[in-house]
Amino acid sequence: MSSPSFSIAQSLDEALTAMAAGARPVAGGTDLVVGARQGKAPLPGSLIAIDRLDELAAITPATDGTRIGAMVTHATLMTNPIVVEQYSALADAAALVGSPSTRNVGTLGGNVMNGSPAMDTGAPLVVLGATAELQTSAATRQVALADLWTGPGQTSAADDELCVALNLAARPANSGSAYVRLEYRRAMEIAVVGAAASVVLAEGGAVETVSVALTAVAPTILSVDVAGVLVGEQIDEATLKTVAETAAEAATPISDLRATDRYRRHTVGVMARRAVEAAARRARGERIAIPVNRALGIGAAQ
Amino acid sequence: MPAAGSPFTGTSLARSEDFAFLTGQARYIADLGATDDPRLAGAAYAVFVRSTMAHARVKDVTTTDAENAPGVLKVYTAANHGVAQPGPTYGIPVAALFAQPLLAEAKVRYVGEPIAVVVAATHQQAVDAAEEVIVNLEPLDPVLDLEDSLRGQTPLFVAGDAPVFQNHVGDHAADEAPSGNVASTAELHVGAPSPAAQVSVAQRITNPRQSPAPIEPRGLAAFWDCGHLYVWAATQRPHGFRAQLAEFYQLPTDNIHVIAPAVGGGFGGKVSRSVEEQLIPALARDLGRAVRWVDTRSEYLASATQGRGELFDFTLTGNADGEISSIAVKMIKDLGAYPGVGTYLAGGYTLPMACGVYNIDHVDFECHAVLTNRATIGAFRGAGRSPYLAALERMVDIYAAKIGRDPADVRRRNLITADMMPFTTIAGATYDEADYLADLNLALEIADYQNLRLEQAARRSGEQPLQLGIGIGSYCHKTTGGGGEEAHVRITAEGKAVVTTGTTSQGHGHVTTWAQIASDVLGIAPHDISIVEGNTDAIASGVGAVGSRSLQTAGLAVHKASGAVVDRARNIAAQLLEAAVGDIVLDTATGNFHVVGTPARSVDWVAVATLAHDEDLAAEELSCGEFYDNDGRDTYPSGSVVAVVEVDVETGKAKLVRLISVDDAGVRVNPMIVDGQIHGGLAAGIAQVLGEEIVYDSNGNLLTSNFMDYAIGSIDQFPQFELHASVTASSHNELGFKAVGESGPMGAVPAVHNAIVDAVRHLGINHIDLPCTPQRIWEALEAQR
Amino acid sequence: MTLETAPASINLTVNGVTYPVVADTSRNLLSVIRTEVGLTGTKEGCDDCECGACMVLLDGQPVNSCSYLAAQAEGKAITTIEGLGDGDALHPLQAKMLEAGGVQCGFCTPGMIMSAHALLERTPDPTEEEIRIGLSGNLCRCTGYAKILQAVGEAAVELR
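Residues numbered from 1 in each chain as written. Chains lettered and ligands numbered in written order. Predicted model: local features only at pLDDT ≥ 70, side-chain atom pairs only at ≥ 80, totals over all residues.

Counting its secondary structure elements, chain C contains five helices and five strands. Secondary structure elements of chain C, listed N to C terminal, follow the sequence β-β-α-β-β-β-α-α-α-α. In summary, chain C has a C-alpha radius of gyration of 16 Å against a globular reference of 15 Å for 160 residues, a match within 12%. Structurally, chain C occupies a C-alpha span of about 50 × 30 × 25 Å along its principal axes. (Helix = DSSP H or I, 4+ residues; strand = E, 2+ residues; numbered from the N terminus. Rg over C-alpha atoms; globule rule 2.2 N^0.38 Å.)

All right, on to the interface of chain B and chain C then. If you look at the interface, chain B gives 43 residues, while chain C gives 40 residues. Elements represented by at least two residues in the side of chain B that touches chain C include exactly helix 1 (18-22), helix 7 (297-303) and helix 16 (671-690) of chain B. Tallying contributions element by element places helix 16 of chain B first for the side of chain B that touches chain C, with seven residues. Looking at the side of chain B that touches chain C residue by residue, the classes come out as 22 nonpolar, 15 polar and six charged. (Contact = placed C-beta atoms within 7 Å. Nonpolar A, V, L, I, M, F, W, Y, C, P; charged D, E, K, R; others polar.)

A word on the interface of chain C and chain A. Taken together, the contact pairs 32 residues of chain C with 27 residues of chain A. Contributing elements (two or more residues each) for the side of chain C that touches chain A: strand 4 (61-64) and helix 3 (109-122) of chain C. With four residues, the single largest contributor to the side of chain C that touches chain A is strand 4 of chain C. Split by residue class, the side of chain C that touches chain A holds 13 nonpolar, 13 polar and six charged.

Take the domain arrangement of chain A next. All names here are of chain A. Entries for chain A in the domain assignment read domain 1 (5-49), domain 2 (54-169) and domain 3 (175-295). One C-alpha centre belongs to domain 1, the other to domain 2; they are set 18 Å apart. The interface of domain 1 with domain 2 comprises eleven residues on the first partner and 15 residues on the second. Mapped by element, the contributors of at least two residues to the side of domain 1 that touches domain 2 are helix 1 (12-20) and helix 2 (30-37). Considered class by class, the residues forming the side of domain 1 that touches domain 2 number seven nonpolar, three polar and one charged. (Domains from an automatic or database assignment.)

Before going further, it helps to spend a moment on the pairing of strand 22 (residues 529-532) of chain B. Residue and element names in this part refer to chain B. The side-chain alternation of strand 22 yields one buried face, formed by Ile-529 and Ile-531, and one unburied face, formed by Ser-530 and Val-532. Summarising the sheet, strand 21 (residues 497-501) and strand 22 pair through four bridges and their orientation is parallel. Across the sheet, Thr-500 pairs through a bridge with Val-532, a residue of strand 22. (Buried ≥ 20, exposed ≤ 12 C-beta atoms within 10 Å, placed from the backbone. Pairing = 2+ DSSP bridges.)

This part covers the nonpolar core. Counting 374 residues, the largest nonpolar core has Val-212, Ala-272 and Ala-275 of chain A together with Val-118 of chain B as the members making the most contacts within it. Counting residues per element, this core draws most heavily on helix 12 (residues 261-283) of chain A, which supplies eleven residues. Residues within four places of Ala-272 of chain A in sequence aside, it is in contact with Ala-195, Ala-197, Val-212, Leu-214, Val-224, Val-243, Ala-244 and Ala-247 of chain A. Core analysis: the second largest hydrophobic core is formed by 38 residues, Ala-554, Val-603, Ala-609 and Tyr-628 of chain B among them. (Core = buried A, V, L, I, M, F, W, Y, C linked by C-beta atoms within 7 Å.)

On to the sheet that holds strand 4 (residues 59-62) of chain A, then. Residue and element names in this part refer to chain A. Strand order across the open sheet formed by five strands is 4-5-10-6-7, with antiparallel pairing between neighbours. Every other strand in the sheet has two partners, leaving strand 4 and strand 7 (140-144) as the edge strands with one partner each. With strand direction ignored, the average angle separating the axes of adjacent strands in the sheet is 25°. (Axes fitted to C-alpha atoms, helices over the stretch in contact; angles between N-to-C directions.)

We now examine the packing of helix 11 (residues 237-250) of chain A against helix 12 of chain A. Residue and element names in this part refer to chain A. Interhelical geometry of helix 11 versus helix 12 gives an angle of 140° and a closest axis separation of 7 Å. Overall, the two elements helix 11 and helix 12 adopt an arrangement that is oblique. The interaxial crossing formed by helix 11 with helix 12 has right-handed handedness. Contact with helix 11, carried on its side by Leu-240, Val-243, Ala-244, Glu-245, Ala-247 and Ala-248, involves Arg-265, His-266, Val-268, Gly-269, Val-270, Ala-272, Arg-273, Val-276 and Glu-277 of helix 12 and no other residues of that element. Classifying every residue of the contact of helix 11 with helix 12 gives nine nonpolar, two polar and four charged. (Parallel < 35°, antiparallel > 145°, perpendicular 65-115°, else oblique. Left-handed = near helix turned anticlockwise from the far one by under 90°.)

Now for the sheet that holds strand 2 (residues 56-62) of chain B. Residues and elements named next belong to chain B. The antiparallel open sheet is built from three strands, whose spatial order is 4-2-6. Bordering the open sheet on either side are strand 4 (107-108) and strand 6 (134-139), each of which pairs with just one other strand. The sheet contact formed by strand 2 and strand 6 spans six bridges and is antiparallel. Residue pairing for strand 6: Thr-62 is matched across the bridge by Ile-134.

What follows is about the packing of helix 3 of chain C against helix 5 (residues 146-159) of chain C. Residues and elements named next belong to chain C. For the pair helix 3 and helix 5, the least separation of the axes is 11 Å and the interaxial angle reads 40°. By the angle between their directions, the pair helix 3 and helix 5 is classed as oblique. For the crossing formed where helix 3 meets helix 5, the hand is right-handed. Along the contact surface, helix 3 presents Met-112, Ala-116 and Leu-120, while helix 5 presents Ile-148, Val-152, Ala-155, Ala-156 and Leu-159.

Here we come to the domain arrangement of chain C. All names here are of chain C. We note that the domain assignment places domain 1 (8-83) and domain 2 (92-159) within chain C. Between domain 1 and domain 2, the C-alpha centre-to-centre distance is 21 Å. At the interface, 16 residues of domain 1 touch 13 residues of domain 2. At the level of elements, strand 3 (55-58) and strand 4 are the ones that each hand at least two residues to the side of domain 1 that touches domain 2. A per-element tally of the side of domain 1 that touches domain 2 places strand 3 first, with three residues. In terms of residue class, the side of domain 1 that touches domain 2 is built from eight nonpolar, six polar and two charged.

Here chain C shows a mean pLDDT of 94. Residues at 70 or above account for 96%. Across the whole predicted complex the pTM is 0.96, and at the interface the ipTM reaches 0.97. (pLDDT = per-residue confidence, 0-100.)

Looking now at unusual backbone geometry. Residue and element names in this part refer to chain B. Between Met-421 and Pro-422 the backbone carries a cis peptide bond, its omega angle lying at -10°. Look at the link from Leu-770 to Pro-771: it is a cis peptide, with omega at -15°. You can see Pro-771 is positioned in the loop between helix 17 (743-760) and helix 18 (774-784). The backbone phi angle of Cys-226 is positive, close to 50°, even though this residue is not glycine.

The next point concerns helix 12 of chain A. Between the first and last C-alpha of helix 12 of chain A there are 32 Å, a value that for 23 residues agrees with the 33 Å anticipated at 1.5 Å per step. Of all 23 residues in helix 12 of chain A, 19 are buried; the element is thus mostly enclosed. (Expected span 1.5 Å × (residues − 1).)

This part is about the pairing of strand 10 (residues 219-225) of chain B. The side chains of a regular strand alternate between both faces of the sheet. All names here are of chain B. Of all the seven residues making up strand 10, six are buried; the element is thus mostly covered by neighbouring parts of the structure. As judged from the four bridges shared by strand 10 and strand 13 (residues 291-294), these two strands associate in the antiparallel manner. If you follow Ala-222 over to strand 13, its bridge partner there is Val-291. Sheet analysis places strand 10 next to strand 11 (residues 228-233), joined by six bridges and oriented antiparallel. Each residue of the ladder has a partner; that of Leu-220, found in strand 11, is Ala-233. Here strand 10 folds back onto strand 11, and the loop between the two strands holds two residues, one of which, Cys-226, carries a positive phi near 50°.

All names here are of chain B. Its location among the elements puts Leu-690 in helix 16. Overall, Leu-690 belongs to the buried group, with 28 C-beta atoms counted inside 10 Å. When the C-alpha atoms of Leu-690 and Ile-712 are compared, they prove to be 9.7 Å apart, with 22 residues separating the residues in sequence. In contact with Leu-690, other than residues within four places in its own chain, are Ala-654, Gln-717, Pro-771 and Cys-772.

Residue and element names in this part refer to chain B. Mapped onto the fold, Val-370 is located in strand 16 (residues 362-371). Since 32 C-beta atoms lie within 10 Å of it, Val-370 is described here as buried. Sequence spacing of Val-370 and Pro-214 is 156 residues, and the spatial spacing of their C-alpha atoms is 26 Å. In this view, Val-370 contacts Leu-146, Ser-149, Leu-150, Asn-181, Val-182, Ile-332, Asp-334 and Leu-335; residues no more than four positions away in its chain are not counted.

Have a look at this one:
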C-alpha cells in the first residue's frame, strides 16, 4: 500500500490550499481506508484531514433555510432538533446509515461527494431542495445536486473543490418529509432500495407541493415527478397507489446479489408510497419518531 | 481449604475463563509474540496468492517482481516449496488423485485456491508483494450445478481415465457406478411401503452453503527448534492436526508440539485440514525462522471450508389421517473442489437420521456426494444432519397441508414415544431416552399455539399486509461421541486440582464445565481446580471439539479420572485416620475424608496432599489419567422449536417475532453455558433461513466475500429467545449427559422456514427455498397473484 | 501544519498514556495500536467495518479502528478494552458480561464492550431497542446476542 503524505488541516484556508496543490480531503476516512484495504482504490498520494474544521461542522439557521456544514456527522443529523423537526427525511436517513460507529465518523459532505446512488442521505437532500456549496481557495459556488451527481461515484466537482456545506431551503408551514428504506437486516446494510418524500399540504389537506426521490434504482439518486398525480388531491389509497406505480415506472434499477431489477422496481414503489404517506402524516402535525422505518415498522426488520 | 458446597452439576457458575476475554488479555494467534514464546520474536508473515478463477489451467506464475519487493524473504510456488506432495491426506482418506496440491500446480479448482505464498518481514510488505505475483490462468468451464456434476460430462479429475474413488456406505451396492465426479455414495433401502398409504407429497428442497465464519479467521504460527516443530494454531483439533503434521513432515508425534491458544470460535471451520495450515511449517523450516499466517475475512470466506450445500428430491408418503409410513430421498451433496469431510457426512450422519424423530417403516435413501468448482465443503454446526432434518420437517408440513391437518397434530401422531426409548430406528440409529411428544406439547403451550392460530385466521380474513406464520421444528440428532477422550487429574501439594483434557474449547466453556464435574467428585471447590487444554504436550491423546462430543467424552473422562484420584486419596486418608481403606469415604460437600459414620474425625485434601507430596512418606501419587471410551453410544439430544413470523406481503420481508425452544440436552452441568450454546445455534439457524448464504455466480466467482454481503446474524434479527430446559438423563453414559453444541440449528431452521411458508400458505404457496429473502418470498407471492 | 511524508511521527494517546510512534501514513489505527503501541485486546475480524471487533473509542465515540487512519487520531483520546476496569476490578459492563454469560469465544467481546460503553455514556437508561441499535455494528457468531443484551441492560442499571 502506498503511503500518502498526510496533514491535519487547522483551518479551511489551509485545507483549500492543500487541495489546490493536489491533496485529497479526508473526513472520517472510512470509505478511503476500506477501499484501499480491499484493493479497490489506492490511497491518494496526498491527504488533508478536514475533520477538525469546526467551521464545517455547524448546523446554522439562515434567512432562507438552513446551512449544514459538510463535516456534520450522521450521528448529529439524526438528533439535531432543527434537522429532526424541519428536515425529518434527512434525520430518518442518517439514523439508518451503518452502525453507531459509522454514523459517528461518517459525514454528510463525505456522503454527498461519494456520489453513490445507494447513499441514504441523497434522496432526502433532493426532496428537501438542497444545494451543495463547493469552495476552492479562489471561489465558492452553489451546485444543485442533480448537477453535482453525474454517475455512480462521479461528481461534477473539480479536484480542488471542497464541499463545505449543504444548503437546505426553508420549510413552509404544513410540510413534512420522510425517508423509508427496504432493509434485509438493520445494521451495516447498504440500501436495497429507498425513497424520500416531501409533502406540503394546503388548507383542507389537499397536497400543495410534493417531491419524491428514489435510492439505488438508477445511476444517481432519481427524482420522480408525482406532482401531476398528487397536487390538489387528497392523500388516500388511490393516489398512493398511483405514487407507487409512478415511482416503479421511473426506476431503472440493476440486478445484483441483493435484488433483481424486477424486485427493486416493485419495492421502490412500495417505499415511495410509504414515504409519501409518512411525510403527509408529519405535515399534518403528527410526530413520528426518527427513523420512520422503525417507528412505523415499515421497510425495516423492526 | 474452603468447602466445595457440591454438587455443582446443575449450577450456573460464572465462567472462570472469562477474565482474560473481558479485559483483552486473552491471546489469540494474531496476538502472539515474544512474550508468549521468545522464539516467536521476529516472526515473518505469509500471505497467499489465490486463484481468481473457479476452474482453470495454471499456465505460469511469475514471482520476480514480488521477490524483489521490499522486505520479502521468499516467494513460494508449486515449483519451489520443496515439500513432497503428501498422500491423499489432511486426515481424510481419499484417493491420491483427489488430493489438493499444497500450492496449485496444473489446475485451480475454486476461486481462492492457493497458488503462491509470499513471506515477508511485515504483514503489509507481504500483502504488497503478493500483488506483484503474476499468475497466468487459462479458463476452463466450471462445474457448478450439482446435477451436471453428477452426470459427469465434465470430469473434474482425470487421470487419463476415469473416476477413481468410491466411498460407499449402505446396505446395497450401487447398481452402476456414477460419474467420475462422485466421491462417495450412501444408500439405505429398508422396510416396505405401507399398502394403506394413499397420499404422497414430493418436493425438491435445497440447503444453501454457509460459512462457519467464526469472528476470528484461521491462523497459524510455526517455528522449528532442534528438529522439533512448534505450531500455534487456531484449531479445534490440536492432536488431530499434530497427527496430520507428523505424517506430512515424517516426524514422530513427540517431535511436534501443537498449542491452541485462545481460539475465536470454530463451528467446524477450524478443523485444520487446509493446505494453508499444512504448508506454513515448511516455510518456517526453509527460512529458519518463525512464520505466521492469518486469514483476512475475504480470504476466509473464499478459501476456508464451507458447510451445507445439499439438494434433496424428497417424497413423503402416508395415509389421509396423517400417519406417515414412508420416506424416499434422492440427495446430492456438494463437496466443492476437493473431497474433504463432506465425503463422510451423508453416510455417517445423514443416513442414520433418515427417520428424524418419527416412527417410520420404510426408507429409500440415496445420496451421491459430488465435486464442483467451489470452495471445499467441510463441517459446520450440525453438518450432515441439519439440512436433512430441515428438509424432513418441511415435508411434514407439506404433507399436513395436503391432507388438511394441523402440522402439530401430524407430528404428535408420528413421533417416537417415550415408552419406546431407547429406540432403534430402521435406519439403524439407537436413540436414547427422551420424550419428544412432551417437549413438542410444551413448546406449543408456551407459544399459546391455539390463540396464535386464531390470530392468524383473523389476519388472513382481514387480508392484512402483515401476515402471521407459525412453524414447528422437532428434532433429534446424532452426535459424534465416537471414540473417546482422555483426562488427567492431579492434586497439587496445596490440595488443589489440575485437570488436563485432550479436547479444547473455542468458546464452549470447558474450563468451567470440567471444573464443576471434577468438583462434584473431588469435593474441591471449582475455583481451586484449574484446567489445562489445547496443548499436545500436556496430554497424549485427544480428538477435539467437533460434533457436539466434548461433554459426553471428555466430561466423562474428567469424572472417571477424578474418581480414580479419590480412590488413591482414600488410601492416604486411611493411613492418616488409621482406618481401613474400605471404610474411608469422601464427603464431597466438605472435601473431607472420614471413616464412614464418624464425620467428626476427618482429614482434608491438604493433609492428604501433603502426605502424598512428601517424597519420604509418599504412599500414592495423586495423579490419574483415565480414558473414557464412548464405545459407539452416541447421544441424541432432541427438542422442539416453535417460531412465529410476520411476513409483509407487499415487500416479502419476513420478521421473526417469537422463537420458543424446548431442548433436551440431557443432564446440564452449567445451565447458563448450555443456554448460551443453544442461543448461538438458534442464531446460526435463523440467519440461514433469513438470508445467510454463500453465493457464487455462474462463472464460479464468490459474490459473498465480506460480512456486508455474507450476512451472518446481527443483533436486530433475533427476538428474545424463549428457552425451556427439558432434562432426560441419557442411559448411554453414567452421568446422563447428552450434548448441545449443534442443537440450535436442528430445530430453528425448519421452525422458522415452516413459519414463513405458513404465513403465506393461504395465498397458494407450498414451498419457498432457503434462504427466504424478501425477494424470494415476494417472487413466490407474485407467482400466485 | 506541515505536510508529513511517510513514515510519520504520531503521538497517540491511548488509555491516558501518550505513545510517540513512527508509522506509515497509510497505516490504520488498529494495526498501530496492536503493533506499535502493543495493546492486542482490540481485534481484527474483517477488513471493511462490518464486524466491530476493532471498536475503540475516540474522544468517547465508537470508531472502527480498522478503517481509520492512525495519523488522523493524533491528539484524540483513544480508549481500548485495556483502558476499562482497574487492575483486577472489572468495569460494571465487564462484570455483568461475566455474570450473564455474555462471553463465549471472546473474540468479539472487547469491541462489543467498547460499543456498549459508548452507548451507556450517551444513553444511560437504554431501552432494549436502543441496546440493539447501539450494538448493531458488532457481530458475534457464538452467543446469538441474548446474554450480551441482558448484560448490557443490567450494567446500565448498575451504572445509573
